[in-house]
Amino acid sequence: MPEFVKLTTQSELPAVNEAKEFPCGDKTICIANVNGNYSAMDNVCLHRGGPLGQGMIEGGKVVCPWHGWQWNPATGEAAHNPNARVAVYPLKIENGEVLVEV
Ligand code: FES
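Structural notes, computed from the coordinates. (Residues numbered from 1 in each chain as written. Predicted model: local features only at pLDDT ≥ 70, side-chain atom pairs only at ≥ 80, totals over all residues. Heavy atoms only, no water.)

### With respect to the sheet that holds strand β12 (residues 97–101)
Strand pairing in a sheet is mediated by backbone hydrogen bonds. Such pairs are either parallel or antiparallel.
Here's step 1: What the three strands build is an open sheet, ordered β1-β12-β11; its pairing is antiparallel. Where the open sheet ends on each side, the last strands, each with one partner, are β1 (4–9) and β11 (91–94). Along the sheet, successive strands turn relative to each other by an average axial angle of 35°, direction set aside.
Here's step 2: Where β1 and β12 come together, five bridges link them in antiparallel fashion. Bridging from a neighbouring strand, lysine 6 pairs with leucine 99 of β12. (Pairing = 2+ DSSP bridges. Helix = DSSP H or I, 4+ residues; strand = E, 2+ residues; numbered from the N terminus. Axes fitted to C-alpha atoms, helices over the stretch in contact; angles between N-to-C directions.)

Structure representation (structure tokens):
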């Protein structure tokens, strides 16, 4: 059953309109901060596996640092193809801890 696990602390979260990657068990999670709204998605780009958490945010989308595919961090959808979708994970912040449901 999915459960919330601690990913990081609130102070480690990315700044406004930045993304950052965090290890989580055997996965890596990309946290995006779009205008102060945090969301968690899988870090692996579906194109060729680029690290989304090392990308920039432009127009509310996470831009893969390798070839520029853009991903909606709220839905996981690729901007150019809604059928291409990376996993997104519920995220909550409690007492300064960042929890994701994986
Ligand atoms: S690996 Fe992400 S755009 Fe190519």
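Now that the structure is up, let's keep going.
### Some words on the nonpolar core
Across soluble globular proteins, you tend to see nonpolar side chains buried next to one another.
Here's step 1: In this structure, Met41, Leu52, Ile57, Val62 and Trp71 are the most contacted members of the largest nonpolar core, which totals 14 residues.
Here's step 2: At three residues, the largest contribution of residues to this core is made by strand β3 (residues 27–34).
Here's step 3: Membership of the second largest hydrophobic core comes to 10 residues, among which are Leu7, Ile31, Tyr89 and Val98. (Core = buried A, V, L, I, M, F, W, Y, C linked by side-chain atoms within 4.5 Å. Buried < 20%, exposed > 50% of the residue type's maximum accessible area, 1.4 Å probe, protein only.)

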